[in-house]
Amino acid sequence: MSDLLVKPAAKPLSGVVPVPGDKSITHRALMLAALAEGKSEVRSFRMGADNRSTASALRALGVLVEEPAQDTLIVHGVGLHGLSEPKTPIDCGNSGTSMRLFAGLLVGQTFRSVLVGDESLSGRPMARIVDPLRARGARIEGRIGKKPGQVTAPLEIGPFPPPNVLSETYFSSPIASAQVKSALLLSGLYSDGKTTFQEPTISRDHTERMLDGLGVPILRSGAVVVLDGPNFSGKLPAFELEVPGDLSAAAFILAAGMLVPDSDVGVRRVGLNPTRTGFLDMARQFQASLFSAAEGLVLGETIGAVRATAGGLFGTTLAGELIPRGIDEVPIALALAARARGKTVIADAQELRVKESDRLHAMALVLSAFGVPCVETADGCEVEGVVDRPLSGCEVDSFGDHRIAMSAAVLALVADGPTRIKNVDNIATSFPRFAGTMRALGAEMSVVES
Ligand code: S3P
């Protein structure tokens, strides 16, 4: 196990750095490439462990996935009905997206499969996908939990041989969730009927965009999406994709630039899909100096450059539709709140309690360790920014969660002494070489054996 040692920034951070390829887009690209006809090429810079879980799951399902060069995967598509029965349970590691999306894809297969994950993933809620998939006739079962309605991994799926068919479905989800939406849409590739999904506000829409880009009939209106099964040809074409940089990873770079005095940092070619830019809007609400410019379009996804400079931040309220659009960035937004003048209130963010860790609780403890008052509420928290003095250098745990570890690392840059963040191997799930990237900007941090 390793820890991250971070020294307070002795000088401004500056430079433009690369970030890993978008984790959400990479998962989807690999899965759809496997179901396509022919050979696809997915180039995803510095792919993290979560995406590698998806690639190895596909191998377990009989798909040839080659890595001829660093950051390049060649996926030999087997067609919609060409996957084969896995010999052992499929390990999704720490990746909730892999497990939930594979569940949707596997309910349409004639064979049986089992999805397992690490300790954190094994405790995460799965009823949210099991129930709607079952409602269309799928065979899928999980472990029944102690609380009413609770279902967790392992998930046992199928077999679902003919004459079984997945029926048409309409599901109105009580939560905005791209993973639930994508599980349903992927199952819809195996149904002759329509798949209609509605959510309270729109969550990231990469699945819809990618399916649409590959010619699957997708109809959309606000937060409602329909996969028109009766008009789907049953075939997906192979494709080439250079995955945009991950704005969720870039958020840590940008936040560091906003916090360390006199800094000026930037990222290029990152995804600027409007269902993912919640962090930029949150930062603007803190009155951060931030510039973003679109540069092009890749398989329906806008890409562009973002630059952030240091400046005075002001407390704000982050709630409503902003939360699903920046769901993974709330922890790093809380790092901004720590140095913002006045109170910041986070609300409507109860989903954070069921991520890789209970992120509201984890961040409340991290902020307190740095000397920043933070009070948890059921669906958020309230933070009193500490503007006029440095935070307290400290020792904190990552709670086994990559985004908590990186948020703590950014906070440590504006502390009065060194900080040790414990248990940071998980950073590699989404941002391999995070510490090296921060060093390239002028920060002092290093990974050590604990
Ligand atoms: C993801 C969706 C989000 C996000 C997760 C990745 C995806 O979860 O938290 O890290 O790739 O679909 P929900 O939208 O399901 O809350």
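### A word on helix α13 (residues 402-412)
Okay, so step 1: Across the eleven residues of α13, eleven count as buried, placing the element largely inside the fold.
Okay, so step 2: Residues of α13 that are buried include every one of His402, Arg403, Ile404, Ala405, Met406, Ser407, Ala408, Ala409, Val410, Leu411 and Ala412, and no others.
Okay, so step 3: For α13, the capping residue at the N-terminal end is Asp401, with a side-chain oxygen 2.9 Å from the backbone nitrogen of Arg403.

### As for the pattern of salt bridges
Okay, so step 1: All chains considered together, the criterion is met by 30 salt bridges.
Okay, so step 2: Close ionic contact of Lys7 with Glu444 constitutes a salt bridge, the shortest N to O distance being 3.7 Å. Residue Lys7 is found in the loop between β1 (2-6) and β2 (14-17), and its partner Glu444 is found in the loop between α14 (434-440) and β24 (445-449); the two are separated by 437 residues along the sequence.
Okay, so step 3: For Glu382, the salt bridge goes to Lys343, with nearest N and O atoms at 3.3 Å. A residue pair is termed long-range when its members are at least 10 positions apart, and Glu382 in strand β21 (residues 380-384) and Lys343 in strand β19 (residues 343-346) qualify at 39 residues.
Okay, so step 4: The exposure class of Lys343 is partly exposed, given its relative accessible area of 41%.
Okay, so step 5: Linked through salt bridges whose partners overlap, the residues forming this network are Arg124, Arg204, Asp328, Glu356, Arg359, Asp401 and Arg403.

### As for the side chain of Glu351
Okay, so step 1: By the element assignment, Glu351 lies in the loop between β19 and α12 (359-369).
Okay, so step 2: Contact partners of Glu351, with chain neighbours within four places excluded, come to Arg128, Ile175 and Ile327.

### Things to note about the nonpolar core
Okay, so step 1: Among the nonpolar cores identified, the biggest contains 83 residues, and Leu4, Phe370, Phe434 and Met445 are the most heavily contacted of them.
Okay, so step 2: Tallying contributions element by element places helix α8 (residues 247-259) first for this core, with eleven residues.

### Thoughts on the sheet that holds strand β3 (residues 37-43)
Okay, so step 1: Spatially, the four strands line up as an open sheet ordered β4-β5-β3-β14, and their pairing is mixed. Edge positions in the sheet fall to β4 (64-69) and β14 (240-242), since each of these pairs with one other strand and no more. Strand-to-strand twist of the sheet, defined as the mean angle between neighbouring strand axes without regard to direction, takes the value 20°.
Okay, so step 2: As judged from the three bridges shared by β3 and β14, these two strands associate in the parallel manner.

### Describing the domain arrangement of the protein chain
Okay, so step 1: Looking at the protein chain, the domain boundaries give domain 1 (2-21 + 244-449) and domain 2 (23-242).
Okay, so step 2: Distance between the C-alpha centres of domain 1 and domain 2: 29 Å.
Okay, so step 3: The partner domain 2 presents 29 residues to the 32 residues of domain 1 that form the contact.
Okay, so step 4: Contact between domain 1 and domain 2 buries roughly 2700 Å² in total, counting both sides, with carbon and sulfur atoms accounting for 51%.
Okay, so step 5: Of all residues in domain 1, Leu299, Glu356 and Thr429 bury the most surface against domain 2, accounting for 21% of the area lost on that side.

### Some thoughts on the site of the ligand
Okay, so step 1: Around the ligand, a shell composed of Ser24, Arg28, Thr97, Ser177, Ala178, Gln179, Arg204, Ile327, Asp328 and Lys355 is seen.
Okay, so step 2: In the environment of the ligand, an oxygen atom lies 2.6 Å from a nitrogen or oxygen atom belonging to the side chain of Ser177.
Okay, so step 3: Ala178 is positioned with one of its backbone polar atoms (N or O) 2.8 Å from an oxygen atom of the ligand.
Okay, so step 4: A total of 390 Å² of accessible area belongs to the ligand in isolation, and the protein chains cover 96% of it.
Okay, so step 5: Among the elements of the structure, α1 (23-35) and α6 (178-188) are those that each provide at least two residues to the shell around the ligand.
Okay, so step 6: For the shell around the ligand, the per-class residue count stands at two nonpolar, four polar and four charged.
Okay, so step 7: Among the domains, domain 1 (2-21 + 244-449) and domain 2 (23-242) are the pair contributing at least three residues each to the shell around the ligand.

### Observations regarding empty space enclosed by the protein
Okay, so step 1: The full count for this structure, using the stated rule, is four cavities of 30 Å³ or more.
Okay, so step 2: Here the largest cavity is characterised by a volume of approximately 40 Å³.
Okay, so step 3: Along the walls of the largest cavity sit Asp22, Ile25, His206, Gly245, Leu247, Gly271, Leu272, Asn273, Arg276 and Glu301, which together make up its complete lining.
Okay, so step 4: Looking at the lining of the largest cavity residue by residue, the class counts come to three nonpolar, four polar and three charged.

### Things to note about the sheet that holds β2
Okay, so step 1: Here four strands make up an open sheet; going across it, the order is β2-β15-β17-β16 and the pairing mixed. Single-partner strands in this sheet number two, and they are β2 and β16 (289-298). With direction set aside, neighbouring strand axes in the sheet form an average angle of 10°.
Okay, so step 2: As paired elements, strand β15 (residues 264-271) and strand β17 (residues 301-309) share six bridges and run antiparallel to each other. Its bridge partner being in β17, Val267 is matched across the sheet by Val306.
Okay, so step 3: Contacting β2, β15, β16 and β17, α8 runs over the sheet at an angle of about 165° to β15.
Okay, so step 4: Along the sheet face, helix α9 (residues 278-285) touches β16 and β17 and points at about 160° away from the line of β16.

The rules behind each value
- Residues numbered from 1 in each chain as written.
- Predicted model: local features only at pLDDT ≥ 70, side-chain atom pairs only at ≥ 80, totals over all residues.
- Heavy atoms only, no water.
- Buried < 20%, exposed > 50% of the residue type's maximum accessible area, 1.4 Å probe, protein only.
- Helix = DSSP H or I, 4+ residues; strand = E, 2+ residues; numbered from the N terminus.
- Polar contact = N/O pair within 3.5 Å; in protein donor to acceptor, adjacent residues only side chain to side chain.
- Salt bridge = Lys/Arg side-chain N within 4 Å of Asp/Glu carboxyl O.
- Contact = heavy atoms within 4.5 Å.
- Core = buried A, V, L, I, M, F, W, Y, C linked by side-chain atoms within 4.5 Å.
- Pairing = 2+ DSSP bridges.
- Axes fitted to C-alpha atoms, helices over the stretch in contact; angles between N-to-C directions.
- Domains from an automatic or database assignment.
- Buried area = accessible area lost by both parts, 1.4 Å probe.
- Near = heavy atom within 4 Å.
- Areas by Shrake-Rupley, 256 points an atom, 1.4 Å probe, with all protein chains shown as cover.
- Nonpolar A, V, L, I, M, F, W, Y, C, P; charged D, E, K, R; others polar.
- 1 Å grid on protein atoms, 1.4 Å probe; cavity = no way out; pocket = protein on both sides within 12 Å on 5 of 7 lines; lining within 4 Å.
- Points joined across faces, edges and corners; volume = space filled by probe spheres on them.

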